[in-house]
Structures are given as structure tokens and as C-alpha cells.
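# Understanding the architecture of this molecule
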Amino acid sequence: MTELNRKVASAARWSLINTVVRRVGTFASGVVLARLFFGPREWGLYAVGLLVLAMLLSLNEMGVSLALVRWEGDIKRFAPTVLTLSTASSTAFYVLLYVTAPTVARLLGSPDATLMLRLLCISVIIDGIACVPLAKLNREFEQFWRTAVDILNFAVNTAVTIVLAAMHVGAIAFAWGSLAGNIVALVGFSLAAPGMLRFGWNRQQAKELYKFGLPLAAASLLTLGIVNLDSVVVGSILGPAALGLYAMAFNMSSWPVRMVSETARRVSFAGFSRLADSPAEFAAGFTRALSLVVAASVPMCVLLGVLADPVIRFVYGDQWGGAAMALQWLVVLGFVRVTVELAYDGIAARKRKTLMLMQGWWLFSLVPVLIWFAHVWGIDGVAAGQALVAGLLVAPVFLFVLSGLGIRAAGVARVCVLPFLGGLAMGVAAWAVHRLAGGGFLGLALAGVAGVAVYLPFILPLLRSLRAKPQPLEPSPISEPAVLATAAPEVL
């Protein structure tokens, strides 16, 4: 376990660096684009493209690349079959999208997005090829190389997008920038994991790969449906301008998810897979990870919720002020997503098939609520519906399933008590200081500093306890064989 812990710790550090650098850069470039070049409508067209792309990426390689992380033996023995399957299925999905793009764009309330869809979704084929060397890097916890390639991808993507935006080509600048960055990433991943881009075919391996990957791909599709259903509802009912405002609020609310959850998930699925055969170690490892995730996400969620309107207006300009109320609801969803996504990886390590039922329940619950709330309260209603369904109908289900894996609800509550109390005090302090100091950068900075100062005394005891050697929890009598723990597919 010492060697595994060392690898996971090193991978987590590089994953954190990767996430912080790219998210700070994404934030900065987003400010430039929102203030100088694009309004809500252009942002809405891009959101339509990302929505369709995310759906395709959840299925494009049918989950087979995840076997490269979990299967024992020489990875190069079955990698050629994985590459053939993922490339073929990705190409088939893109061809289907190319033919149906006008219809898809019209159904999403944005017929002008047809070209955006056809160009942006070429990344589906690139991802189908790149997933093989990327899986090799994840299998070996080689997050340094992934960090280097991801940052290069971001730099090229951002540079191309801003240059084309300055040339006034419109929202299609987003698609060209993304495509350029993904091509660079494909080259980078192939160099970082040499010898992985060889096509081949083994019929028996293909059957085993599909048997392994299809349940995970189905669960990932449900997850993407949950995350993107709100965009479908807003776009089809309220139009691209409303979708642009909603997308801005959702992106801001996702800062904690991206900063905290993405950092954890790049190593959590591999780490939980290694612990799945030992219920006590699995439960202890999950609880320890949850402690860190909750402690890190609470302050970001609280500050975004309390200071939503002044933050949006200061950062992006007054034209985006209509997203403030939606942001306040969506930060609640953001916190639930951070914790649930970690639970998703943990459950996938022990009860893979259960995930599809859980995700199906989440999606089923969302559909009527979001449609109703959109018609009555617009984007604010959609955001509120997301938060209410996640907190009241979904989180209890995850807690129930986790309890069957030896992770008791009382233990989860103990992990959350101090961060929640600290978050409450932090919110009061940040709100009061902002009221006294006023708007602008100085008022926001003072509110943030005051909030963090109030939060630290609550969280330091928890951090000290985590430095101590973790003690295994008493395992539940219920246990299942180990399988792969996986996150939903990422865009390159």
C-alpha cells in the first residue's frame, strides 16, 4: 500500500496543478470573451454545441477504454482492440450527428447552431483515438504528462478562440479553438504514451470489452443527461439568449466541481479500484476523501452563493446580471454534485449496476420538475428545480447505497458538521462585510478574506485529524466483487 499511496499522492498533486492552472486560465479567457466579444446569445449557441458534444462523448467509445485502467496483464496486448472499437464507434456517432445536426439544433431552439455542431463534434473522433494513450497515463498515475498536455491543449484552444473572436467570426470561434486544442492534445498524448496507437482486432477481447464497458457507458450517458437536461429545457423553451445566461450561471456554480471534484476524480477511480477488495480500507479511504472534498468545496460554494450578484456584475459586466438568482440556486447543486460524484466513483467500485438505477431515478425526477419550473419561473426556476431534486430526492438515495458498502450515514454526517458550521459563519461574515464595504473589487476582496478567516478555525481540527494515520472503519457485512470505478468521460 505504501507504493500505491505514493503514486496516488503524486498524481493528486499534479492533478490539482492541472485543474487550478486550466480553471484559472478558463476563467480569465471567459472574462475577456464575455466582456469584449460575446453576449448571452453567442454563449448560448456555444452551450448548445457543448451539450451535444458531451452527450456524444459519454457514449463514443462505449466504455471500452476504461478496461485499460482496470484489466490485469500487459496493457499493450488488448490496447489495439480497444483503439479499433473506440475509433469505429466514435466515427459512427459523428456521422450520425453530422446528418442530423440541423434537426438537433432546431429541437434545441437554436437552428443557427448547425455549423457549430458539425465542427465542434469532430472532437468526438479525436477523443475516440486519444482515449487509449490517455487511459495508459491514468492507469500508471502519470498525471504529470496529462497535466502538460492538458495545459498545452488549453493554451492553443484559448489563443485560437480569442484571435478568431477578435476577427469577428462569431460564436464559431469557440468550435475552431476547441478543435485546434484537441488535435494538439491527441499528438501530445500519443507522445506521452508511445506505442499505444496501434490498431488491431481480437474477437474474444472485443466481446469481453463490450460486456465490461457498456454498463459504464450507459451510466455515464445517464449522468450526462442529468447534468445537461437543464440546458435542453432552457434552450428549447426559453431560447439561446436565456441559455447563454443560464450557461454562465452554471459555469460559475461549477467552479467548485471543477476545482475540487475533477482533481479528485482523476485519481479516485483508479484508487478506489485498488481498494475495492478490502471493505474496511475502502470505507476508510472513501471517508477520508470525502472529508477533503467537503472541506475544500464549502467555502467556494458559500462565497459564490452569498455574493452572486456583485461577483457576476464585477467579473462579466452588467449584461450578465440576469444570471445572479440562478447562480445562487446552482451553487447548492454544485456542492451536491461534488459529493455525489465522489460517491459515484466509490459505488462504481463495488456496485456498478446499481448506478444505472440511481442515475435513472435522478433523470426521471428532473424531467417534469425542470419543464414545469421553466415555464413558470424561467431560468431561475430551472436552477431551483435542479437544486431541490438533487438535495431532496437524490442525495438520500446515494447515502442509502453507501450505507450498504460500510459507509454509514452517521460517519458522513460527522465529516460534514464542521465544514457546514464553518460555511454558515463564513456566509454571515462575508455578507456583513460586503454590506459595509460596498461593491467593487475592494468590497468583494474584503468579504472573501473575512469569510475565509472565519472558516479556518472550524476546518483546522478536521485537517489535523486527517494528517493522522487513518483507522479502518468497521466494514458492512454487505460486500461485492471489485469492478472498475469510473468518472464520466471528459472533453479533451
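Here is a short report on the structure shown in this document. Given the structure is predicted, the values throughout are model-derived calculations rather than measurements.

Rules used throughout
Residues numbered from 1 in each chain as written. Predicted model: local features only at pLDDT ≥ 70, side-chain atom pairs only at ≥ 80, totals over all residues. Heavy atoms only, no water. 1 Å grid on protein atoms, 1.4 Å probe; cavity = no way out; pocket = protein on both sides within 12 Å on 5 of 7 lines; lining within 4 Å. Points joined across faces, edges and corners; volume = space filled by probe spheres on them. Helix = DSSP H or I, 4+ residues; strand = E, 2+ residues; numbered from the N terminus. Phe/Tyr/Trp six-rings, centres within 6.5 Å; stacked < 30°, edge-to-face > 60°. Buried < 20%, exposed > 50% of the residue type's maximum accessible area, 1.4 Å probe, protein only. Expected span 1.5 Å × (residues − 1). Core = buried A, V, L, I, M, F, W, Y, C linked by side-chain atoms within 4.5 Å. Contact = heavy atoms within 4.5 Å. Nonpolar A, V, L, I, M, F, W, Y, C, P; charged D, E, K, R; others polar. Lys, Arg positive; Asp, Glu negative; His and termini not counted. Salt bridge = Lys/Arg side-chain N within 4 Å of Asp/Glu carboxyl O. Polar contact = N/O pair within 3.5 Å; in protein donor to acceptor, adjacent residues only side chain to side chain.

This part is about empty space enclosed by the protein. Applying the stated criterion across every chain, the model contains two cavities of 30 Å³ or more. Estimated volume of the second largest cavity: approximately 130 Å³. In this structure, the second largest cavity is lined by 14 residues; those nearest its centre are Thr223, Val227, Arg337, Glu341 and Trp362. Elements with a minimum of two residues in the lining of the second largest cavity: helix H9 (203-238), helix H14 (324-348) and helix H15 (352-403). Ranked by the residues each element gives to the lining of the second largest cavity, the list is headed by H14, at five residues.

Our focus in this paragraph is the packing of aromatic side chains. Throughout the structure, instances matching the rule amount to 13 aromatic pairs. Look at tyrosine 46 and phenylalanine 174: their rings are 4.0 Å apart centre to centre, the planes differ by 10 degrees, and that puts the pair in the stacked class. Remark: phenylalanine 174 occurs in helix H8 (residues 172-192) and tyrosine 46 occurs in helix H2 (residues 40-57); sequence separation between them is 128 residues. Grouping residues by exposure puts tyrosine 46 and phenylalanine 174 together as buried. Here phenylalanine 314 and phenylalanine 441 contribute two aromatic rings whose centre-to-centre distance is 6.2 Å and whose plane-to-plane angle is 35 degrees, an arrangement assigned as tilted. You can see phenylalanine 314 sitting in helix H13 (residues 308-316) and its partner phenylalanine 441 sitting in helix H17 (residues 440-467), a full 127 residues away along the chain. Here phenylalanine 441 falls in the exposed class, since its relative accessible area comes to 57%. By way of ring pairs, the aromatic residues Phe38, Trp43, Tyr46, Phe174 and Trp320 are connected into one cluster.

Here the focus is H2. Taking 1.5 Å of rise per residue, 18 residues should cover 26 Å, and H2 covers 25 Å from first to last C-alpha, within 8% of that figure. The buried fraction of H2 amounts to 14 of the 18 residues, a majority that puts the element mostly inside the structure.

Counting 124 residues, the largest nonpolar core has Trp43 and Trp362 as the members making the most contacts within it. For this core, the leading source of residues is H15, giving 15 residues. Non-local contacts of tryptophan 43, meaning those with residues more than four positions away in its chain, are made with Gly30, Leu33, Ala34, Phe38, Phe174, Gly244, Ala247, Met248, Asn251 and Trp320.

One way to see where empty space is left: roll a probe the size of a water molecule over the atoms. Roughly 590 Å³ of internal volume is contained in the second largest pocket. Taken together, 18 residues form the lining of the second largest pocket, with Phe27, Trp255, Leu303, Leu304 and Val311 sitting closest to its centre. For the lining of the second largest pocket, the secondary-structure elements that each account for two or more residues are helix H1 (2-36), helix H11 (255-275), helix H12 (279-306), H13 and H17. For the lining of the second largest pocket, the leading source of residues is H17, giving six residues. In terms of residue class, the lining of the second largest pocket is made up of 16 nonpolar, one polar and one charged.

Relative to the helices and strands, aspartate 230 resides in helix H9. Summary of buried charges: aspartate 230 has no salt-bridge partner, and the nearest side chain of opposite charge, arginine 337, is 7.4 Å away. One polar contact links aspartate 230 to tyrosine 246, side chain to side chain, over a distance of 2.5 Å. Within the structure, aspartate 230 has its side chain in polar contact with the side chain of glutamine 386 (distance 2.8 Å). The contact partners of aspartate 230, leaving out residues within four places of it in the chain, are Tyr246, Phe250, Leu370, Val382 and Gln386.

Geometric values such as these leave the question of function open.
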